[in-house]
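# Remarks on the overall topology
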Amino acid sequence: MDGLTGGKINEPVPDSRSAIANRAKQDAPSNIAEVSDVIPKLSPWSTPVRIPDKTRTVSAADSATVMTGYDRQWASLPLEVLEKIASYLAIEDINHFGQTSPTMGDRLRSCGLEEVHHFLSLTRQRQTECRAIIQSSHLLLEYLRTLSIFSVCHFPAQQGPAFYSFYASHLRQQILDGVTLTLIPTDSINIHSLKHHLRDHIPIIIEKKAENYSDILVLDPDGHWVREAEIKHDDHVSYGHQQTDHILFVRQPFPRTLIRSGPLSYQCNGKEHCLSVYERKNDTWVEQQLTTGEVFPKCKYQDIDIMHLSPDARTLVCINQWRAVAILGRGADGQWINKGNINTRLSHGLFSADSNHLVLYGNNSRIRLMSKADDGSWSNTGHITVKDPADDLKEMPSGEKVSDFEFDLHVAFSPDNRHFATWFEDAGNDSHHGDIERDYFFVVIFASDPQGQWREKQRILEYCDQPTRYFQLKPEFSPDGRLLIITTEESIDIWELTDDQWQQSKREEPEDGGGEIQFSVDPCEFIRRSGGEVTIWRKAASGTWGKTQTFSAESLLVTSPSGETIVCNDPAGHTDLYQRQPFAESFDQPFGEPAAVQWVNQRIGFSIVKADFNQEGCLLAVVPKTDTRSLILFGLTADGNWLERARLQTEGRIKKFCFSPCSRSIQVTSLRPDSCARRREFYSLWQIMPDELAFAGRDDFSD
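Residues numbered from 1 in each chain as written. Predicted model: local features only at pLDDT ≥ 70, side-chain atom pairs only at ≥ 80, totals over all residues. Heavy atoms only, no water.

When helices and strands are tallied, the protein shows eleven helices and 42 strands. By residue count, 53% of the 703 residues in the protein fall in the buried class. Considering only contacts in the protein between residues 6 or more positions apart, those separated by 24 or more positions represent 53%. Of the accessible surface of the protein, which amounts to about 30700 Å², a share of 48% is contributed by carbon and sulfur atoms. (Helix = DSSP H or I, 4+ residues; strand = E, 2+ residues; numbered from the N terminus. Buried < 20%, exposed > 50% of the residue type's maximum accessible area, 1.4 Å probe, protein only. Contact = heavy atoms within 4.5 Å. Areas by Shrake-Rupley, 256 points an atom, 1.4 Å probe, with all protein chains shown as cover.)

Dropping the structure here:
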C-alpha cells in the first residue's frame, strides 16, 4: 500500500467505564507534545495583554515594584482564562510565569504550580525518569487525571511528568506511614509462550491467532481481559524493545525482488508497505502505514532488520543491517516521518536517557553519533574510530599488524547524558584465526564539545597480569554521572569528574577481583559484591574512598533502586535485609550528607527464591523457598523497618513477577499446576490498593 493511511482498525469491545474515566480520556490530548505558541490558540481579549518575559525572576523584596500595569492585568484575569493559558505552558514556562510576581505565583497554584515546584526540586536524573515514564504510558496519564490529590485534575499532557513525580512521592509517603495494602486480582489468563507476547510491566497482551494476525488484549475496569483491536504483522515479530502502552511499531510482510549484488540481497521499489504504526487513541487503535520509500528514502536496500525505540517513545530507529539506518519521528501533523538517514553497516543502537542522542556501533571499532535538534531533526555529531596507536607497532606471527583488526565495542551513556564510555573485552583474532593477545585493555570516555561534536575526553588503561585475548571489563557511571567505577577480573578503579576533568581517585586489586557494583542514592557511597561478601564503600570528608562495612552474602538476590536496601538470602533458612540508616525520605531529591551512616540488619525467618523492589524502593515482593506459589509484599516504614503488608496465592509455581513503574500493580506469571501443559502459563495482574482511600478516583487496572 502506497503512502500512509489512518483509520480505525476495528471497533473496541463495549465496556462500562465510569463517567469520570470517559471525561478524562476525552479531555486528554492524543499526543504528548509541548506547545510553546500560546497566543494564537486563545480567544482574543478586549484588553491587549502580552506574555511576561519567561527569564524574568523577581524576589519577594521587589514585590512593591513588580505589580506594574501589565502585571495587574495578568493578576486580574478570570481564573478560567488563566487556566487556559497555563494549559499551553511547559513545566519550565509555568515556573517562570509564577515567578513574575507573588500574586501570580499564588494564582497559578490552582494550575499545577505546586506540582511543578516539586518536580523541579528533583535530581536531573529523576526528572528524566519521570518524563520517560509518563511519555511511554498514556494509561498512567489518564489515571492520574482522575485523582483528587492534585491542585488541578485535567492537567495538560506536557505537565504530566510533574504530576507523576508528585504522585510517586505521595505514594511513597503513604507506604512509609504504614497504610494497609490490599492486593486485588484480575482474571487470570491462560497463555502460551509461543502465542502470547508479554512486555514486562506493560498491561497489554498481544495474542497471535492466525498467520500474520494478532489480537491486542487489555483489561477493562472490572479486571477482565478483553479484545481491543486486531493487528497485522510479519511472520517473525517481536515487541520486547517497545516499552509503551499506547503505540506499537510492527513490521509488515511484502514481496521482495532478489538481485545479484550479493547473497540474499533484495531490492524494493519504494512503494511496499513495510511498517505499521498502531496508536491507541480513546480506546481505539489507529493505524498509520509507512512504505519502504518513506522509511528509507535514500537507501537502495529497504528491509527493516532491527528497530530501537527511544526511552520517551518519540523516536524510532530502523536498521537495515549492514547497509543503512533511518530515524523516524513525528511530523508537524503528528504522523510518523523520516527525520534522518545514515549510510552505515553498524547494527547496534543505544539512546541516551533523555533520548536526545543516539550512538550506533557494531562488531568493529567504529562509532557513529547522532543528536536531535530543537525542531526534531537529527544530525551527525560524531564519526569515531577507536584505535590504540601502539598497535601500529605490534605484529602477529603471521606478519600482520595488530592495528589491522578491529574491536567488538560496548557502549554506555552516563545518566546525565554528558558522557559516554566505550570499551572491549575481546581482542579478536587475525586472518589466520590466531588469537590476538594484549597486556592491557582500555576504556575511552567521550564528551560533547562546544560545537556539539563528540570527542575523546579520557582514555583509561587497564593492565592484565599476563597477555590475553579475553579480559572481563565493565565501566559503570553513577546516577549523577560524576563517578565512573571500572571493575575488571583483577581490580576496581574509581574515577571522579572534577572541574570537568576525569581524575583517578582510587585503585585497588582485591584477591577476588573487582566484583559487581551497585550505586547508592548517596553520591559518596556505593555497594560492591564479590564472592560471598557485600562491601559498602564511602568517600570520607578528606576525599579518600574506603570500605566501611562488610556483610556475608552467599546469595545476594537484589538491591533496591536507591541502593538503600540489600536483600541477601541465606541457605541456612533465612533472609537478611540490610537497611541503610538514615534512609532518604525521598530518594529522588538531591542528597544531603547525614551526620552518620550505618547499615542495620533485619532478618526474615525463611529463605526466598525471588525478590523485586518497586521503583521508589519502598515496596519489596518476595517468593518464599518453601512455598513458591505465594508472593509476600513487604513495605518500608518511617523507622526503617520492613513489615509484611499483603500476600497473594497462585495455582502454580510463580515463574516471574514485576512492579509497574508507578507501583500501582504487580504482574505475575505462574506455571500451570498440571505438568503436562508444556509452554502453558497463567498471567495475572494484581492491583496494590491502599485501604485508606487516599487516592480518590477510578479503581481500574490500567497503568
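Quick look at the sheet that holds strand β11 (residues 284-291) now. Taken in spatial order, the three strands make up an open sheet running β7-β10-β11, and their pairing is antiparallel. In this open sheet, the two strands that pair with only one neighbour each are β7 (247-251) and β11. Neighbour to neighbour, the strand axes of the sheet diverge by 20 degrees on average, direction disregarded. With five bridges joining them, β7 and strand β10 (residues 273-281) adopt antiparallel strand pairing. Within β10, the position partnered with Leu248 by the bridge is Tyr278. (Pairing = 2+ DSSP bridges. Axes fitted to C-alpha atoms, helices over the stretch in contact; angles between N-to-C directions.)

We now examine the pattern of salt bridges. Applying the stated criterion across every chain, the model contains 32 salt bridges. Look at the salt bridges and you will find they share partners, linking Lys209, Asp215, Arg227 and Glu230 into a network. (Salt bridge = Lys/Arg side-chain N within 4 Å of Asp/Glu carboxyl O.)

All right, on to the packing of helix α8 (residues 124-135) against helix α10 (residues 160-176) then. Relative to each other, α8 and α10 sit at 105 degrees, their axes nearing to 9 Å. One element, α8, and the other, α10, form an angle in the roughly perpendicular class. Between α8 and α10, the contacting residues are Arg126, Cys130, Arg131, Ile133 and Ile134 on the first element and Gly160, Pro161, Tyr164, Ser165 and Ala168 on the second. Considering only residue class, the contact of α8 with α10 consists of six nonpolar, two polar and two charged. (Parallel < 35°, antiparallel > 145°, perpendicular 65-115°, else oblique. Nonpolar A, V, L, I, M, F, W, Y, C, P; charged D, E, K, R; others polar.)

The next subject is the packing of aromatic side chains. Inspection of the entire model under this criterion finds 25 aromatic pairs. Considering the side-chain rings of Tyr143 and Tyr167, the 6.3 Å spacing of their centres and the 85 degrees angle between planes classify their relative orientation as edge-to-face. With Tyr143 in helix α9 (residues 138-144) and Tyr167 in helix α10, the pair connects residues that are 24 residues apart, well separated along the chain. Looking at Tyr143, the relative accessible area reads 5%, which means it is buried. Geometrically, the ring pair formed by Phe526 and Trp545 is tilted, given 5.4 Å between the ring centres and 40 degrees between the ring planes. (Phe/Tyr/Trp six-rings, centres within 6.5 Å; stacked < 30°, edge-to-face > 60°.)

Remember that the coordinates give geometry; whether it matters functionally is a separate question.
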